[in-house]
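Topology and contacts: notes
What follows is each chain in one-letter form.
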Amino acid sequence: MLEIFQYSFMIRAFIAGTVIGIIAPLIGSFLVTRGYALMADSLSHIALAGIAIGLLAGIYPIYTAILVSVISAVIIEYLRTRRRISGDIALAMFLYGGLATAIILISLARGFNVGLFSYLFGSITTVRSVDLWVIGSLGLATIVVVYFLYDELLYISFNEEAARVSGIPVNALNTVLVVLTAITVSLSMRIVGLLLIGALMVIPVVAAMQVAKSFITTLLYSVAFGLVSVILGLFVSYYLNLAAGGTIVAISLGLFGISAVIGLKKHA
Amino acid sequence: MKNEPIITVDNVSFSYNGNHVLDNISLKIMSGDYLGLMGPNGGGKTTLLRLILGLLDPNFGRVSLFGKPLNQIKNWTRLGYVPQKATQFENKFPITVWEIVTLGRTAKKGLFGKFNKADRKAIEDALSKVNLLPYKNKLINELSGGQQQRVFIAKALASESELLILDEPTVGIDSQSQEDFYKLLTQLNNEGKTIVIVSHDISAIANKVTKLAYINKTLVYYGTPKQFIKKEHLQKLYKKDSKFINHRY
């Protein structure tokens with residue numbers, strides 16, 4: 001057996017990473033194609049406020065992160081569909097609001113900076129069994145929901161208005177999508193960190209779009225690219241002693257470069 | 001089936017930010033009609049379309065589809081809507097012809113459901129009807145503008161809707177493809193589909209449709225296209241006058 005698998009923390013990191021490598025691009029596919037790529041990034045900053053609340057109150061921070069980001073996601077979506085404010089403004093307001101809240105809470109309770117850092121940048125050595133249970137069960141639930149609502153989610157990403165006219169419950173499905181995004185963001189922070197989770201939801205999808213010949217293959221390629229990025233990233237970071245989150249995203253950018261070249265050659 | 005009202009617009013008025021966009025419009029579109037909904041840009045035809053589709057609510061009056069007020073309609077799949085090409089999709093959206101046509105079937109199969117054999121047959125038939133079955137695995141942005149528009153017709157046909165509503169369907173399409181496209185619509189109309197086509201281009205559709213409604217805030221004309229063309233020179237005079245008056249404000 002490889003030396004890397006002698007450590008139980010690495011095995012836990014690989015299990016959690018596999019789930020995240022699947023669900024981040026899976027949800028990302030429905031966001032990127034509709035020009036909603038920054039949703040993940042905004043929600044990750046909001047999730048930081050949830051982490052701070054959890055650390056401050058002594059509650060398991062992933063729970064508070066999920067709670068805060070899911071509630072915020074629902075409010076953002078409500079504001080967007082009611083056209084009270086435009087979608088990108090709603091995202092920006094919540095992004096900065098979340099960050100400001102997090103900073104205030106951090107300054108209130110000096111002393112948990114180390115814990116907070118592990119969420120900001122990811123920390124594979126700290127993945128515990130409880131994390132695996134949460135990531136595994138919610139990750140599986142996310143995959144099941146996408147499987148059963150695939151056609152409808154594709155429709156609202158492709159043309160929201162036409163979907164609405166055909167009688168599809170667009171508002172409810174949009175809410176499902178942003179809730180899944182919030183959950184994915186919160187689950188992924190242990191591995192890639194809050195600051196880079198948006199990258200794992202976006203870059204594998206954009207890489208897939210360079211070479212894919214349909215929506216379903218875009219989705220499958222993006223999941224493959226996500227998995228390769230996470231698994232290769234964990235190996236490289238372990239042997240070269242690099243930060244896992246950064247390494248994973250750098251590899252996904254490398255995959256994007258390769259697929260962009262292949263895509264260009266195809267169209268030439 | 002024949003002569004059943006499909007769309008009833010009853011004394012409908014709509015204002016947006018204090019501007020009267022539509023004033024007291026009444027229209028009845030019957031089963032088997034092929035109606036051109038025309039008018040100048042800014043004359044309110046897109047607004048009327050959005051009211052018919054239930055995307056906007058009228059300030060006054062009411063809209064019914066298939067004899068039912070819009071808010072009581074459960075089965076929206078009886079209506080096939082083809083939006084303007086410009087708003088159809090992001091050019092980079094990675095989706096095939098087949099995948100787009102499946103969308104026309106999505107509402108029909110129900111939430112959480114999967115497509116079955118009958119669905120796939122309907123999708124295939126719709127693609128054959130518009131002569132695009134050999135292109136089913138192509139990405140939509142690999143097709144010409146005219147072919148893309150036929151894909152969206154196939155999407156509407158896949159839902160087996162009785163009513164087709166098309167918004168400016170031939171904008172940016174070459175004239176030969178436009179001719180083919182109108183032939184297809186006439187054929188569908190002859191097969192019993194009710195068709196409403198929104199356009200600003202009178203010369204393009206006046207000799208295709210069987211009925212014509214001209215909207216410029218109010219319903220200026222509603223009748224056969226032949227009568228409308230006769231009256232058209234009068235209309236031009238009238239429009240010149242109103243422009244002249246507008247200059248004073």
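Refer to the structure above for everything that follows.
The notes below deal with the structure included here. (Residues numbered from 1 in each chain as written. Chains lettered and ligands numbered in written order. Predicted model: local features only at pLDDT ≥ 70, side-chain atom pairs only at ≥ 80, totals over all residues.)

Brief notes about the overall build of chain A
- The helix and strand tally for chain A stands at 11 helices and 0 strands.
- Overall, chain A shows an N-to-C arrangement of helices and strands of α-α-α-α-α-α-α-α-α-α-α.
- Summarising its shape, the C-alpha atoms of chain A cover approximately 50 × 45 × 30 Å along the three principal directions.
- By residue count, 51% of the 268 residues in chain A fall in the buried class.
- Within chain A, counting contacts between residues at least 6 apart in sequence, those at least 24 apart form 74% of the total. (Helix = DSSP H or I, 4+ residues; strand = E, 2+ residues; numbered from the N terminus. Buried ≥ 20, exposed ≤ 12 C-beta atoms within 10 Å, placed from the backbone. Contact = placed C-beta atoms within 7 Å.)

Re the overall build of chain B
- Across its full length, chain B carries 7 helices and 10 strands.
- Looking at chain B as a whole, 40% of its 249 residues qualify as buried.
- Across chain B, contacts joining residues at least 24 apart in sequence account for 70% of those joining residues at least 6 apart.

Section: the interface of chain B and chain A
- Counting from both sides, the interface comprises 22 residues of chain B and, opposite them, 22 residues of chain A.
- Ranked by the residues each element gives to the side of chain B that touches chain A, the list is headed by helix α2 (residues 97-109) of chain B, at 5 residues.

Some details on the packing of helix α9 (residues 194-211) of chain A against helix α10 (residues 215-240) of chain A
Residue and element names in this part refer to chain A.
- Remark: α9 packs on α10, axes separated minimally by 8 Å, with the N-to-C direction vectors making an angle of 125°. As judged from the angle between their axes, α9 and α10 are oblique. For α9 against α10, the interelement crossing comes out right-handed. Along its contact with α9, which presents L200, P204, V205, A207, A208, M209 and V211, the element α10 presents T218, Y221, S222, F225, G226 and S229.
- By residue class, the composition of the contact of α9 with α10 is 9 nonpolar, 4 polar and no charged. (Axes fitted to C-alpha atoms, helices over the stretch in contact; angles between N-to-C directions. Parallel < 35°, antiparallel > 145°, perpendicular 65-115°, else oblique. Left-handed = near helix turned anticlockwise from the far one by under 90°. Nonpolar A, V, L, I, M, F, W, Y, C, P; charged D, E, K, R; others polar.)

As for the sheet that holds strand β3 (residues 34-38) of chain B
Residue and element names in this part refer to chain B.
- Ordered by their spatial adjacency, 6 strands build an open sheet running β6-β7-β8-β3-β9-β10, and the pairing between neighbours is mixed. Since the sheet does not close on itself, it has two edges, and those belong to β6 (79-82) and β10 (218-223), each with one partner. Each neighbouring strand pair of the sheet contributes to a mean axis angle of 15°, computed without reference to strand direction.
- As judged from the 5 bridges shared by strand β9 (residues 211-216) and β10, these two strands associate in the antiparallel manner. Bridging from a neighbouring strand, A213 pairs with Y222 of β10.
- On the sheet, helix α1 (residues 45-52) packs against β3, β7 (163-167), β8 (194-199) and β9 and is oriented at approximately 130° with respect to β3. (Pairing = 2+ DSSP bridges.)

What to know about the packing of helix α2 (residues 38-57) of chain A against helix α8 (residues 170-188) of chain A
Residue and element names in this part refer to chain A.
- The contact between α2 and α8 brings their axes to 9 Å, and the two run at 60°. In terms of their interaxial angle, α2 and α8 are classed as oblique. You can see that α2 and α8 cross each other, and the crossing is right-handed. Contacts from M39, A40, L43, S44 and A47 in α2 reach V178, T181, A182, V185 and S186 in α8.
- Taken together, the residues of the contact of α2 with α8 sort by class into 7 nonpolar, 3 polar and no charged.

A few points about the environment of M189 of chain A
Residue and element names in this part refer to chain A.
- By the secondary structure assignment, M189 is in the loop between α8 and α9.
- Take M189: there are 28 C-beta atoms within 10 Å of it, and that puts it in the buried class.
- If sequence neighbours within four positions are ignored, M189 has contacts with A47, Y119, G122, L194 and I197.

Quick look at the sheet that holds strand β2 (residues 19-30) of chain B
All names here are of chain B.
- The antiparallel open sheet is built from 4 strands, whose spatial order is β2-β1-β4-β5. Taken across any chain shown, the strands that pair with only one partner, and hence form the sheet edges, are β2 and β5 (68-69).
- Bridging between strand β1 (residues 5-16) and strand β4 (residues 60-65) involves 5 bridges; their strand directions are antiparallel. Looking at β4, one finds that S13 is bridged to F60.
- Seen against the sheet, α1 touches β1, β2 and β4 and runs at an angle of roughly 120° to β1.

Things to note about the pairing of β4 of chain B
Residue and element names in this part refer to chain B.
- Here β4 pairs with β5 via 2 bridges, running antiparallel. In the sheet register, S64 faces β5, and the bridge partner there is P69.
- Adjacent in sequence and paired antiparallel, β4 and β5 are bridged by 2 residues, among which F66 carries a positive phi angle near 50°.

Comments concerning the environment of S44 of chain A
- Inspection of the secondary structure assignment puts S44 of chain A in helix α2.
- Setting aside its immediate chain neighbours within four residues, S44 of chain A contacts V185, L194, I197 and G198 of chain A.

Concerning the nonpolar core
- With 151 residues, the main nonpolar core has A47, I197 and L200 of chain A together with L37, V101 and A154 of chain B as its most contacted residues.
- When residues no more than four places from it in sequence are discounted, the contact partners of L37 of chain B are K45, L48, L49, V196, I197, V198, A213 and I215 of chain B. (Core = buried A, V, L, I, M, F, W, Y, C linked by C-beta atoms within 7 Å.)

A few points about unusual backbone geometry
Residue and element names in this part refer to chain B.
- Even without being a glycine, F112 presents a positive backbone phi close to 70°.
- Along the chain, F112 turns up in the loop between α2 and α3 (117-129).
- Looking at F112, the number of C-beta atoms within 10 Å reads 11, which means it is exposed.
- Here E168, not a glycine, exhibits a phi torsion of approximately 40°, which is positive.

With respect to the pairing of β3 of chain B
All names here are of chain B.
- β3 sits mainly inside the fold: 5 of its 5 residues count as buried.
- Burial of the side chains of β3 extends over both faces: Y34, G36 and M38 are buried on one face and L35 and L37 on the other.
- As defined by bridge partners, β3 adjoins β8 across 5 bridges and the pair is classed as parallel. When the sheet's bridge partners are listed, G36 is paired in β8 with I197.
- The pairing of β3 with β9 spans 4 bridges and is classified as parallel. Note that in β9 the partner of L37 across the bridge is A213.

Side note on the environment of Y150 of chain A
- Within the secondary structure, Y150 of chain A sits in helix α6 (residues 129-158).
- C-alpha of Y150 of chain A to C-alpha of I216 of chain A: the two residues are 66 residues apart in sequence and 9.5 Å apart in space.

Nothing here speaks to function; it is all geometry.
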